[in-house]
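Spelled out, the chains give:
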Amino acid sequence: MFNSLSQENFKVKFSKKIFVIDHAELDRYVSKMAEKSGAEIILNHTVNALPQGFDRIIGCDGASSVVRKNLGLKEPNYRLGIQGFVAEENHLDYVEVWPIRHGFSWKIPRGRKTEYGIIGRVEEVKGKLLVKEERAAFIPQGLLIPKHTSVTLCGDAAGLTKPWSGGGVIWGLIGADILLKTFPDFLKYQRKVKRYFLPKIAFSKTATRLAYFLGFNAPYLLPKNTKIESDFLL
């Protein structure tokens, strides 16, 4: 399905149990909760500017956030993630991962199907995953929270994704929890989010660079078996 630069095998065990989340089902569940609380949900409506007539605006509008652009904030760093499925029955109890220069590729058993994927810089991964059932998305990184009293960002719009994997569900939910506890004080939210995530981002980037450097240049220095926490290295 794709080429890999990996020459050594390593086994990684997660220190906590892993829960599989159905993103579509989660979206439906959250929307139902929002409707029950009295929120008005408007679908099939394009937003090109900051909405008017609101006391608070929270931009949770993804990697290409319109809210972020209208605030004049810089763009985050982007990687490209591509995911695909093939009709290849696979019931193994482990995931295979191979590093590339600025990311990784993976193979995940899904029972009746097998998932393949790759994440990295656009020029590095484009055209590298060859499957029929394929989808792609930009993955932002940068932690962009505006210093603003009435407008803020959360989730992918704020670049809240893990530096090593690009995963954003748990990080986004933690950011949302901080936002809920500090609402409506957006400046307090900004301070708490930065205090919580910035040390983890700095440590994770350093650890990831070190692991990649050793993996490509001195793989014999890396442990054959290691145990990590899946969402935070620190």
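Basis of the calculations
The residue numbering used here restarts from 1 in each chain and proceeds along that chain's sequence as written. Selection of residues for local features in this predicted model requires a pLDDT of at least 70, selection of side-chain atom pairs for listing and counting requires 80 or more, and totals for whole chains, interfaces and linings are taken over all residues. Just so you know, side-chain values use all the structure's heavy atoms and leave hydrogens and water out. At least two bridges found by DSSP between two strands are what make those strands a pair. Numbering of helices and strands runs from the N terminus; a helix is a DSSP stretch of H or I covering at least four residues, while a strand is a stretch of E covering at least two. Under this scheme, a helix contributes an axis fitted over its contacting stretch, all axes are lines through C-alpha atoms, and angles between N-to-C directions fall in the 0 to 180 degree range. Note on contacts: a residue pair is in contact if any heavy atoms of the two residues lie within 4.5 Å. Nonpolar side chains (Val, Leu, Ile, Met, Phe, Trp, Tyr) are joined into patches within 5 Å and like charges within 9 Å, using only residues with over 30% relative accessible area and no salt bridge. Areas reported as accessible are Shrake-Rupley estimates using a 1.4 Å probe. Residue values count occlusion only from the protein chains shown. The salt bridge criterion pairs a side-chain nitrogen of Lys or Arg with a carboxyl oxygen of Asp or Glu, the two atoms within 4 Å. The rule is simple: take the accessible area with a 1.4 Å probe, protein chains only, and divide by the maximum for that residue type; under 20% is buried, over 50% is exposed, in between is partly exposed. In this description, a nonpolar core means a group of buried Ala, Val, Leu, Ile, Met, Phe, Trp, Tyr and Cys residues linked to one another through side-chain atoms lying within 4.5 Å.

J.: For this particular structure, what's the right way to read the sheet that holds strand S6 (residues 113-120)?
T.: Through backbone hydrogen bonds, the strands of a sheet pair up, either in parallel or in antiparallel fashion. Taken together, the five strands give an open sheet; going across it, the order is S4-S5-S6-S3-S7, and neighbouring strands pair in antiparallel fashion. Since the sheet does not close on itself, it has two edges, and those belong to strand S4 (96-100) and strand S7 (133-141), each with one partner. In this sheet, neighbouring strand axes are inclined to one another by 15° on average, regardless of whether the strands run parallel or antiparallel. Two elements, strand S5 (residues 103-110) and S6, share seven bridges in a ladder whose sense is antiparallel. Looking at S6, one finds that Pro 109 is bridged to Thr 114. In the packing of helix H5 (residues 186-217) onto the sheet, the strands contacted are S4 and S5, and the crossing angle to S4 comes to about 90°.

J.: What is the right way to look at a nonpolar patch on the surface in this model?
T.: On the surface, Ile 21, Ile 170 and Leu 173 cluster together to form a nonpolar patch covering roughly 220 Å² of accessible area. Relative to the helices and strands, Ile 170 is located in helix H4 (residues 169-182). Taking the relative accessible area as the measure of exposure, Ile 170 reaches 32% and is therefore partly exposed.

J.: What is the right way to read the pattern of salt bridges from this model?
T.: If you walk through the whole model with that rule in mind, you get seven salt bridges. Salt bridges linked by common partners bring Arg 68, Lys 69 and Glu 75 together as one network.

J.: Even after reading the chapter, I still don't get the nonpolar core, so can you show me in this structure?
T.: A general tendency of soluble globular proteins is for nonpolar side chains to be buried together. Ranked by internal contacts, the top residues of the largest apolar core, which has 20 residues, are Leu 143, Ile 145, Trp 171, Tyr 189, Val 193 and Phe 197. For this core, the secondary-structure elements that each account for two or more residues are strand S8 (151-153), H4 and H5. No other element matches H5, which puts five residues into this core. For Leu 143, the contacting residues outside a window of four places in its chain are Ala 158, Gly 159, Leu 160, Val 193, Lys 194, Phe 197, Leu 198 and Ile 201.

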